[in-house]
Amino acid sequence: MKFKLNYKQYSDFINVVNNVFYPLKNFVNKQEFNSILQNQKFKDKFFPFPIFFSLNKNQFNKIKNIKKLTLTYKSKNIAEINALEFFYINPILLGKKIFGNKFKTHPYYKIFIKENYIFVNFNIIKKFQHEVEIEGFISPSNFKKKIRNIKYLPSFHTRNVPHNAHQWIHRFLLKKFGSLLIQPLIGQYKSGEYKDSIIMKTNIKASKLLNSKKVFCLPFISYPRYGGPLEAALHAIVRSNYGCTHFWVGRDHAGYKKFFSKYQSQKYCRFNEKKLNINIVSENEPYFCKMCGVVTNKCKKKACEKNQILISGTKIREYLINKRKIPTYLMSKEISSLINFNSLIK
């Protein structure tokens, strides 16, 4: 019997079998799921966020008595699986552990409840040879071949079109370490977010503007979980698996509105830095100083404190929605010329 994977299932499968989420090499079972939620541990390794395979009620009813399945994506055979073990997870436990006490109003928690009726672990008995259906994917093992002669490689994560604060970070990391991996997360699904093709197009442009053979840009094929500190730690592990030595964690990394406090993800990742096996770069967020006329993250003049303009993707998307020209203090012309109202998911 064939089972059609959706994008989330497919992207997680590709990441699991290609060691993007190492030490995970398969989707978690019930014991592993609870161990990660309760203790941030997978076997004897630190791991902050469970990577699971779930089914809605209709899917479960179709396959609950099936012993072997062929997983497919876009009509292509991906893998054969057997030994299916179904299990339930306490959604309240997951909500509290990942999203905090206000979890019931968190949008991803609502999606979690809607999409996940039951979970399943299985054996992967055969992987079919196929081109990954998402353009630009490179496995950690193949990427490491490209960077074998690079001593230090910092990585920058984003789910946005690069604005001036992002480009300031790019230059900061390149100057400090001599190289850079820009790895945007693609797999957006929320209305009002940028389309994946636009995210990649603009970040590739930003990487080329740095004019260095030691700057790389490739996609992180996944989807936003809006899990704050725990998801930020997962992102750090992913970059460690890609061979990076340093990882920039932002002001509200993997956050959503005010569910997590400012710099909470930075503090959590710094606290667990040794367990993450990667150096955490945690600087103050860049802003535009009206008095100095530059983007910086530290003005020396006291008077500048009242002249700081926050640069945010939300603010720029508002300009696009209202079909207004994006000011150059928020985004460079080289990038803003590549986007418009139709760059957003409707």
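Residues numbered from 1 in each chain as written. Predicted model: local features only at pLDDT ≥ 70, side-chain atom pairs only at ≥ 80, totals over all residues. Heavy atoms only, no water.

Q: Explain the pairing of strand 7 (residues 118-127) to me, using residue names and the numbers behind them.
A: Regular strands show a simple pattern: their side chains alternate between the two faces of the sheet. Summarising the sheet, strand 4 (residues 54-55) and strand 7 pair through 2 bridges and their orientation is antiparallel. The residue bridging Leu-55 from the neighbouring strand is Ile-118, located in strand 7. The pairing of strand 6 (residues 76-87) with strand 7 spans 7 bridges and is antiparallel. Bridge pairing in strand 7 places Glu-85 opposite Asn-121. (Pairing = 2+ DSSP bridges. Helix = DSSP H or I, 4+ residues; strand = E, 2+ residues; numbered from the N terminus.)

Q: Give a description of helix 1 (residues 7-17) that names residues and reports values.
A: In terms of burial, helix 1 is a largely internal element, 9 of the 11 residues being buried. Of all the residues in helix 1, the buried ones are Lys-8, Gln-9, Tyr-10, Ser-11, Asp-12, Phe-13, Ile-14, Asn-15 and Val-16. Of the residues that open helix 1, the one with a side-chain oxygen 3.1 Å from the backbone nitrogen of Lys-8 is Asn-6. Directly beyond the C-terminal end of helix 1, a positive phi value near 65° is found at Asn-19. (Buried < 20%, exposed > 50% of the residue type's maximum accessible area, 1.4 Å probe, protein only. Polar contact = N/O pair within 3.5 Å; in protein donor to acceptor, adjacent residues only side chain to side chain.)

Q: Just give me the short version of the sheet that holds strand 16 (residues 308-310), but keep the residues and values in it.
A: With antiparallel pairing, 3 strands are arranged side by side in an open sheet as 15-14-16. The strands lining the two open edges of the sheet, one partner per strand, are strand 15 (294-296) and strand 16. Here the strands of the sheet are splayed against their neighbours by 35° on average, with no regard to which way each runs. Bridging between strand 14 (residues 287-289) and strand 15 involves 3 bridges; their strand directions are antiparallel. Across the sheet, the residue bridging to Cys-289 is Val-294, located in strand 15. (Axes fitted to C-alpha atoms, helices over the stretch in contact; angles between N-to-C directions.)

Q: Report on the environment of Val-161, specifying residues and quantitative values.
A: On the secondary structure map, Val-161 appears in the loop between strand 8 (154-158) and helix 7 (164-177). Sequence-wise, Val-161 and Arg-317 are 156 residues apart; in three dimensions their C-alpha atoms are separated by 9.7 Å. In contact with Val-161, other than residues within four places in its own chain, are His-166, Tyr-194, Ile-198, Thr-202, Asn-203, Met-331, Ile-335 and Ile-339. (Contact = heavy atoms within 4.5 Å.)

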